[in-house]
Amino acid sequence: MKKAVIFDIDDLLFTTKVRRKVYDYDKEKYDTSTVKANYEVGEYFIYDSPLPFAIDIPNAFKDAGYELIYITGRRKSMLGATFEQFNLYEIPYTKKLVFHKDTKQQNTTQYKSEVYDSLTNQGYDIQFFFDDDDGNCDMAQFKGIKNIYQILSDFVEEVYTDKIKTDLNWFF
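Rules used in this analysis
- Residues numbered from 1 in each chain as written.
- Predicted model: local features only at pLDDT ≥ 70, side-chain atom pairs only at ≥ 80, totals over all residues.
- Heavy atoms only, no water.
- Helix = DSSP H or I, 4+ residues; strand = E, 2+ residues; numbered from the N terminus.
- Buried < 20%, exposed > 50% of the residue type's maximum accessible area, 1.4 Å probe, protein only.
- Contact = heavy atoms within 4.5 Å.
- Areas by Shrake-Rupley, 256 points an atom, 1.4 Å probe, with all protein chains shown as cover.
- Lys, Arg positive; Asp, Glu negative; His and termini not counted.
- Charge placed at Lys NZ, Arg CZ, Asp CG, Glu CD.
- Salt bridge = Lys/Arg side-chain N within 4 Å of Asp/Glu carboxyl O.
- Expected span 1.5 Å × (residues − 1).
- Arc of directions from axis to C-beta.
- Phe/Tyr/Trp six-rings, centres within 6.5 Å; stacked < 30°, edge-to-face > 60°.
- Lys NZ or Arg CZ within 6 Å of the ring centre and 35° of its normal.

As a further point, take the overall build of the protein. Helix and strand counts for the protein stand at seven helices and seven strands. For the protein, the succession of helices and strands along the chain, N to C, is β-β-α-α-β-α-β-α-β-α-β-α-β-α. If one aligns the C-alpha atoms of the protein with their principal axes, the spans along those axes are about 50 × 35 × 25 Å. Classification of the 172 residues of the protein by burial places 42% in the buried group. Sequence separation of 24 or more characterises 70% of the internal contacts of the protein that already satisfy a separation of 6 or more. Accessible surface, the protein: about 9,300 Å² in total, of which carbon and sulfur atoms supply 48%. The average position of the 22 basic charges and that of the 29 acidic charges among the side chains of the protein differ by 3 Å.

Here you go:
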C-alpha cells in the first residue's frame, strides 16, 4: 500500500474570494459568454492566493514519503491553469494524481467518492483528507479515513499542540 493524503484545492489551499468577486463584476460589465469561457479555462486563478500553510503542509507530507493527491471540483478544462498555479507557488504534485471533474454539473462529492474508490483499488492507503466542504468530509468519514481536516490550520493546531514551529517535518 502507498500511503497517501488527499487535498481539495479551492478554499482549502487557495482563497477564491477575490476570484469570485472579479468574475461576478466581469459578467455584468463584459460579454458574459467570453467571461464564462475565460473562467472555464482558469483565467481567473490569477486572483487566488494561497491560504496559510498551503505550501508547507503538502511539502511536509511529500518529504515524509506520502503520495499527494488533489481531487477538486474544478473542471478538466482548468487542469493546465491548476498546474501553472501549483508551479507558481511551488506546491508539489504529480500530474497523474491531480483529478478534475468532467463537467460543472457533475456532483463533486460523488466524483470525489468515485476517485477515492479507484485510488484505494490501485493500492493507495489514504491516511489524511483535507477538504473545506462538509459533504466531502462526511463522505471521507464514511469511507473510513481517520484524519479529516476542513482547514489547514486545524491540522497545524492539532499537530503542533504547544510547539511553535514553521516546519511540519518533525511530525512525521
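With that settled, consider the pattern of salt bridges. In the structure shown here, the tally under the stated rule is eleven salt bridges. Its salt-bridge partner being Arg-75, residue Glu-40 comes within 2.8 Å of it at the nearest N-O pair. You can see Glu-40 sitting in helix H2 (residues 32–40) and its partner Arg-75 sitting in strand E4 (residues 67–75), a full 35 residues away along the chain. The class of Glu-40 is partly exposed, set by a relative accessible area of 25%. Here Asp-117 and Lys-143 are joined by a salt bridge, their closest N and O atoms 2.7 Å apart. Taken together, the residues span a long stretch of sequence, with Asp-117 in helix H5 (residues 108–121) and Lys-143 in helix H6 (residues 134–143) at a distance of 26 residues. Classification of Asp-117 by relative accessible area gives partly exposed; the value is 30%. Each of Asp-10, Arg-19, Asp-48 and Arg-74 takes part in a single network of salt bridges with overlapping partners.

With that settled, consider helix H1 (residues 17–29). Here H1 is 13 residues long and its end C-alpha atoms lie 19 Å apart, about the 18 Å a rise of 1.5 Å per residue gives. Buried residues of H1: Arg-19, Val-22, Tyr-23 and Asp-26, and no others. The buried residues of H1 all sit within an arc of 105 degrees when viewed along its axis, so they share a single face. Away from its buried face, by an angle of more than 90 degrees, H1 presents the exposed residues Lys-17, Lys-21 and Glu-28.

Another aspect to go through is the packing of aromatic side chains. With the rule as written, the count across this model stands at 20 aromatic pairs. With a centroid separation of 5.7 Å and an interplanar angle of 25 degrees, the aromatic rings of Phe-7 and Tyr-70 are classed as stacked. Residue Phe-7 is found in strand E1 (residues 2–7), and its partner Tyr-70 is found in strand E4; the two are separated by 63 residues along the sequence. For the residue pair Phe-7 and Tyr-70, the accessibility class agrees, reading buried in each case. Centroid distance Tyr-149 to Phe-155: 5.2 Å. Interplanar angle 80 degrees. Geometry classified as edge-to-face. Directly above the ring of Tyr-124 sits Lys-2, whose terminal nitrogen or CZ lies 4.2 Å from the centroid. Over the ring of Phe-45 we find Arg-74; its NZ or CZ atom is 3.8 Å from the centre of that ring.

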